[in-house]
Amino acid sequence: MLFGIVLVVFLVLQITPGDPARQIAGLRASEADLEEVRQELGLNDPVIAQYGRYVGNLLQGDLGYSYKSRKPVADIIGDRISVTVWLLTTGVLMTLLISVPLGVVAALRKDRVADHAIRGFGLLGLSMPAFWTGVILLLLVALPTGWFPAGGFGDTFGEKLRAIFLPALTLAIGSSPFIIRGLRAAMISVMESDYISTARSVGVAGGRLVRRFVLRNAAGPGVTLLAIEIGYLLFGAVVIETTFALPGVGQGLVIAAQGRDLPSVQGYTLLFALVVVAVYLLSDVVTAMLDPRVEIDT
Amino acid sequence: MRRRTGIIVFVLMALLAGACGDSTDGTEATGDTATGTTQPGTDATVAPGDEGGGTLTAVRFESFDGWVLDSAAAYSSYQTHQAVIEPLMRFGADGQSIEPGLAESWDYDPDGLTITFTLHEGARFSNGDPVTAEDVAFSLGIWNAGPNFGGSWDAIVGVTGEGREIVMELAYPDNTLMAVLASSISGIMPMDFGGMTEDEYYNNPIGAGAFVVDEWSIGGRIILTPNEFYYDPERPYVDELILDVVTDETERQILFDSGEAQIIEYLSPTVAPQYDPADVYVCTVHSVEHIGLNVLRPPFDDLLVRQAVAYAIDYEAIDAALGEYFGLPSGILSPNILNWAPPSKPYFRRNLDMANDLLAQSSAAGGTSAELIYDAGNALDTLVVQIIQANLAEIGIDVSLSALETGAFLDRAFSIDADMTIWNYGAISPNISDPMIWIYATGWLFSGFETDTLFDQFLAYADAATNEDMQAIVTEIQDGAIDEAAAIAVAEGSYLHAVNQNLTGFASAPWGLYYYDTIGLGG
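As the structure is a computational prediction, the values presented were derived from the model and not from experiment.

K.L.:
For the overall build of chain A, give the residues involved together with the corresponding values.
P.N.:
Counting its secondary structure elements, chain A contains 12 helices and 0 strands. A principal-axis box enclosing the C-alpha atoms of chain A has dimensions of 85 × 55 × 30 Å. Sorting the 298 residues of chain A into buried and exposed places 42% on the buried side. Within chain A, counting contacts between residues at least 6 apart in sequence, those at least 24 apart form 70% of the total.

Written as structure tokens, this is what we have:
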């Protein structure tokens, strides 16, 4: 699968219009200068040879060098990744903090006012694009209160926490509805199962029933949904980091694409793909740990 | 804002070697064309000592190109380079004059073929080493080796000097040289990169400018702090300069409104009305929005078709659509720069009858079609191309619009691979020779029209005896542009910045570049 991703990333950027040599040498560089750059980068080689070289370098952890800064792409990504990790971690935490209680309440109060209100909130969250939610939070929260910066990332832990709060909340508002709906449906299904009736008949009830029997058995689909959501969150980070001027990999991808820095674009794209694959793999493992009925084929 | 790409002059300069004769100092402002710079809400007069340090944050949408001076393609790069790697001279905010940089004075003797600079007392690099003639000579070698701007300094054949005196020996007089030396591409670097390798230097650049680099990355934040060895102990007036790239237009405005950023560089005219008018700094009219018509193939290889297009365009409709920061075009050369002169005849205005008559007499009688390419990321162009499409449909020219990603657009534009190309340009140095060279370097603004005539005109300009002679040549170029209609100016306008009203000392040249070290945070 990873080789497939690498191949797609390589081919897509091969067919992207534009001459990388001109990008490096300058728009008004002479044909001789352009030719020199093409030779230096091996751009005159057959595509298959370029692909072989690209894969060979990748296997050695070499993502190439940025056309713009001449720095290793791995270093450029490394400089930005911590911001995105902050964003995703905080975003996932907020998603869980919002969605688990609301999902549980919606399931336990099925078809009552609370359930309808929570589903209505979910619909609202789903309807609002992240860039719009972000701007609204900036205009209605950050600017009037001054509690949060209007953009950028801080230096100290406290500054970082303040800077990441609204972007993470934006992510959470967009991703919580999926988890709420998934968790609600899974819990309702579990609550209607025979073993819950059995548990009730032997006197297990209330919070203990929910925690030990319902929630644990309903968590499997929730974890899978969360993994899917993390994939979306990663791509959402491109929008969120742009909206909040956060110097993470999402913003880096946008700037690299605008500057036609193809090696950097390749590096970022590959990173995104790898993270999604890794998260899905992790979700399978966690699901198996939560539910003994699930086995992982090896 | 549009990227201003490098100026290629090496061919011109090489051939200039054959030019000779008396010459004037091209830096003298005529006064005729200076219209001043509008500075709402700012005080261009710095009151040293009133500013009290602090952090100045400027936000731009363009990524920095890195520290290689020759690789500068974005205005954000020129802007940053000059803060750290200062040239011997600076351009004035009026777009016409040259002011002291590292050199406090200079004496240009075109007859003696020398320029003698006197450096500021105590001019030092940020590592503490004094600036010497050897550093200037070394920098000259680096400048000339660049694939983009290399050759701009070919007139200089030697650099000598002792102490604060730097003497440049010229092979021939050159009216354009002083303007080039005042632009950021002529930044002074320490000899042998201050003992570093080239790569090390460009990762940790050292200059004799007002700022030193504390942190930087391409596409990321740049933090500059004061150079403790700067020749002027008063400047810079801030303790820290932060330059951020923010790609989202709304976020840029929110940062400005929140006070977290004090300057938003190169506002799009389409969003400027959303700012408090008192915050919008309107540079003197300078940029030229134009279309290039490909003369190398039908239908625009026919002069009559080109003229028909020129008369079919509704300039007033474009003016109205672009808003208050744009106006009707006065010629093809960027105005409000030293030695600019208007055409001797009226510039194109809409005359549909004439357009129809011309087309009826042309090889495209009965109608034709053409492709117009534009940068999809440019809101201004996106607007203008639709007007042009509608205008040309009225005379039977079916225009198909191709919105291209910036890189693909530039590739096709520079390859002259489209029937019509829309673009916008301005200068980077204070002399009309700059736009002339730009037009030459772009194959007459992406039209493919022959540039031999322009080349000869440039040589004559560089060698002209008086400013009047130079302006006569400029008028000749403007007239030729009307006669041939290979490239048609459709509007001219101002570059814009959002500037916090408390700032002092903000003063931008017509092309939008300004100096950070003169800015104080004010009250």
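Picking up after the structure, the text goes on.
K.L.:
Account for the overall build of chain B, with residues named and values stated.
P.N.:
Within chain B, the secondary structure is distributed over 15 helices and 19 strands. Expressed as a percentage of its 523 residues, the buried residues of chain B come to 59%. Within chain B, contacts between residues separated by at least 24 positions form 76% of all contacts whose residues are at least 6 apart in sequence.

K.L.:
Please provide a residue-by-residue account of the sheet that holds strand β6 (residues 156-162) of chain B, values included.
P.N.:
Residues and elements named next belong to chain B. The strand order β4-β5-β7-β6 describes an open sheet built from 4 strands, whose pairing is antiparallel. The two strands at the open ends of the sheet, each matched to only one other strand, are β4 (103-109) and β6. The average angle at which neighbouring strand axes cross in this sheet is 15 degrees, direction not considered. Note: β6 against strand β7 (residues 165-170), 6 bridges, orientation antiparallel. Note on β7: the bridge partner recorded for Gly-158 is Glu-169.

K.L.:
Tell me about the sheet that holds strand β13 (residues 287-293) of chain B, and name the residues and values.
P.N.:
Residues and elements named next belong to chain B. Pairing in this open sheet of 6 strands is mixed, and the strands run β14-β18-β13-β17-β15-β16 from one edge to the other. Taken across any chain shown, the strands that pair with only one partner, and hence form the sheet edges, are β14 (326-327) and β16 (397-404). Alignment of β14 against strand β18 (residues 487-493), held across 2 bridges, turns out to be antiparallel. When the sheet's bridge partners are listed, Gly-327 is paired in β18 with Glu-492. This element, helix α8 (residues 315-322), spans β14 and β18 of the sheet and lies at about 35 degrees to β18.

K.L.:
Quick rundown of the interface of chain A and chain B? Include the residues and the values.
P.N.:
A common way to express how large an interface is: the accessible area buried when the components associate. The partner chain B presents 34 residues to the 37 residues of chain A that form the contact. Where the side of chain A that touches chain B is concerned, the elements lending two or more residues are α2 (20-25), α7 (130-145), α10 (206-243) and α11 (249-258) of chain A. A total of 5 residues in the side of chain A that touches chain B trace back to one element, the largest contributor, which is α11(A). For the side of chain A that touches chain B, a count of residues per class yields 16 nonpolar, 13 polar and 8 charged.

K.L.:
An account of unusual backbone geometry is requested, with residue identities and associated values reported.
P.N.:
All names here are of chain B. The omega angle of the peptide bond from Arg-235 to Pro-236 is -5 degrees, so this bond is cis rather than trans. If you check the backbone angles, Asn-336 has positive phi at about 60 degrees while not being a glycine. Mapped onto the fold, Asn-336 is located in the loop between β14 and α9 (352-361). We classify Asn-336 as buried; it has 25 C-beta atoms within 10 Å. Even without glycine at this site, Asn-339 takes up a positive phi of about 70 degrees.

K.L.:
Lay out the confidence of the model for chain A with the relevant residues and their values.
P.N.:
For chain A, per-residue confidence averages 83 on the pLDDT scale, and residues scoring 70 or more make up 97% of the total. Least confident of the elements in chain A is helix α9 (residues 194-201) of chain A, whose mean pLDDT is 75; most confident is α7(A), at 91.

K.L.:
Would you mind going over helix α4 (residues 47-59) of chain A in detail, with residue names and values included?
P.N.:
All names here are of chain A. With 13 residues, α4 should reach 18 Å at 1.5 Å per residue; the first-to-last C-alpha distance of 18 Å fits that figure. By the criterion of burial, α4 is predominantly exposed, with just 1 of the 13 residues buried. Immediately downstream of α4, the backbone of Gly-61 shows phi near 80 degrees, a positive value.

K.L.:
Let's hear about the environment of A:Leu11: which residues, and what values?
P.N.:
Relative to the elements of secondary structure, A:Leu11 occurs in helix α1 (residues 2-14). For the pair A:Leu11 and A:Leu262, spaced 251 residues apart in sequence, the C-alpha separation works out to 12 Å.

K.L.:
Can you explain the pairing of strand β5 (residues 114-119) of chain B? Please cite residues and give values.
P.N.:
Residue and element names in this part refer to chain B. Side chains Ile-115, Phe-117 and Leu-119 of β5 all project onto a buried face; the interleaved residues Thr-114, Thr-116 and Thr-118 project onto a face where none is buried. Bridge analysis of β4 against β5 gives 6 bridges, and the strand direction is antiparallel. Each bridged residue has a counterpart across the sheet, and for Ala-103 the counterpart in β5 is Leu-119. Between β4 and β5, which pair antiparallel and follow one another directly, the connecting turn spans 4 residues, one of which, Leu-113, has a positive phi of 55 degrees. For β5 and β7, the ladder comprises 5 bridges, and the chain directions are antiparallel. Bridging across to β7, Thr-118 finds its partner in Glu-165.

K.L.:
Account for the domain arrangement of chain A, with residues named and values stated.
P.N.:
All names here are of chain A. Segmentation of chain A into domains returns domain 1 (2-59) and domain 2 (74-290). One C-alpha centre belongs to domain 1, the other to domain 2; they are set 37 Å apart. Counting from both sides, the interface comprises 8 residues of domain 1 and, opposite them, 8 residues of domain 2. For the side of domain 1 that touches domain 2, the elements supplying multiple residues, two or more each, are α1 and α2. Classifying every residue of the side of domain 1 that touches domain 2 gives 6 nonpolar, 2 polar and no charged.

K.L.:
Run through the environment of A:Ala273, naming residues and quoting values.
P.N.:
All names here are of chain A. Mapping Ala-273 onto the fold places it in helix α12 (residues 262-290). Overall, the presence of 19 C-beta atoms within 10 Å leaves Ala-273 in the partly exposed class. The spatial distance from the C-alpha of Ala-273 to the C-alpha of Gly-231 is 8.9 Å, given a sequence separation of 42 residues.

K.L.:
Give me the domain arrangement of chain B: which residues, what numbers.
P.N.:
Residues and elements named next belong to chain B. Each assigned domain of chain B is listed with its residue range as follows: domain 1 (10-27 + 35-280) and domain 2 (287-493). Look at where the C-alpha atoms of domain 1 and domain 2 centre, and you get two points 30 Å apart. The partner domain 2 presents 29 residues to the 30 residues of domain 1 that form the contact. Listed by contribution, the elements that provide at least two residues to the side of domain 1 that touches domain 2 are α1 (10-16) and α4 (177-181). For the side of domain 1 that touches domain 2, the element with the most residues is α1, which contributes 3 residues. Tallied by class, the residues present in the side of domain 1 that touches domain 2 amount to 14 nonpolar, 14 polar and 2 charged.

K.L.:
I'd like a rundown of the confidence of the model for chain B, residues and numbers included.
P.N.:
Residues and elements named next belong to chain B. The predicted model of chain B has a mean per-residue pLDDT of 88, with 90% of residues at 70 or higher. Per-element confidence in chain B ranges from a low mean pLDDT of 37 for α1 to a high of 98 for helix α7 (residues 303-312). A low-confidence stretch, residues 1-49 (pLDDT under 50), is modelled with 136 contacts involving residues beyond four sequence positions or located in other chains. Across the whole predicted complex the pTM is 0.82, and at the interface the ipTM reaches 0.75.

K.L.:
Give me the packing of helix α12 (residues 433-441) of chain B against helix α14 (residues 452-462) of chain B: which residues, what numbers.
P.N.:
Residue and element names in this part refer to chain B. Put simply, α12 and α14 touch, their axes get as near as 10 Å, and they point 160 degrees apart. By the criterion of interaxial angle, the relationship of α12 to α14 is roughly antiparallel. Crossing handedness for the pair α12 and α14: left-handed. Between α12 and α14, the contacting residues are Ser-433, Met-436, Ile-437, Ile-439 and Tyr-440 on the first element and Leu-454, Phe-455, Phe-458, Tyr-461 and Ala-462 on the second. Considered class by class, the residues forming the contact of α12 with α14 number 9 nonpolar, 1 polar and no charged.

K.L.:
Give a detailed account of the packing of α1(A) against α4(A), specifying residues and quantitative values.
P.N.:
Residues and elements named next belong to chain A. In contact at an axis separation of 11 Å, α1 and α4 are set at 135 degrees when each is read in the N-to-C sense. The orientation of α1 relative to α4 falls into the category oblique. Here α1 runs over α4; the crossing is right-handed. Along its contact with α1, which presents Val-6, Phe-10 and Gln-14, the element α4 presents Val-47, Tyr-51, Tyr-54, Val-55 and Leu-58. Its residues assigned to classes, the contact of α1 with α4 comprises 7 nonpolar, 1 polar and no charged.

The rules behind these values
- Residues numbered from 1 in each chain as written.
- Chains lettered and ligands numbered in written order.
- Predicted model: local features only at pLDDT ≥ 70, side-chain atom pairs only at ≥ 80, totals over all residues.
- Helix = DSSP H or I, 4+ residues; strand = E, 2+ residues; numbered from the N terminus.
- Buried ≥ 20, exposed ≤ 12 C-beta atoms within 10 Å, placed from the backbone.
- Contact = placed C-beta atoms within 7 Å.
- Pairing = 2+ DSSP bridges.
- Axes fitted to C-alpha atoms, helices over the stretch in contact; angles between N-to-C directions.
- Nonpolar A, V, L, I, M, F, W, Y, C, P; charged D, E, K, R; others polar.
- pLDDT = per-residue confidence, 0-100.
- Expected span 1.5 Å × (residues − 1).
- Domains from an automatic or database assignment.
- Parallel < 35°, antiparallel > 145°, perpendicular 65-115°, else oblique.
- Left-handed = near helix turned anticlockwise from the far one by under 90°.

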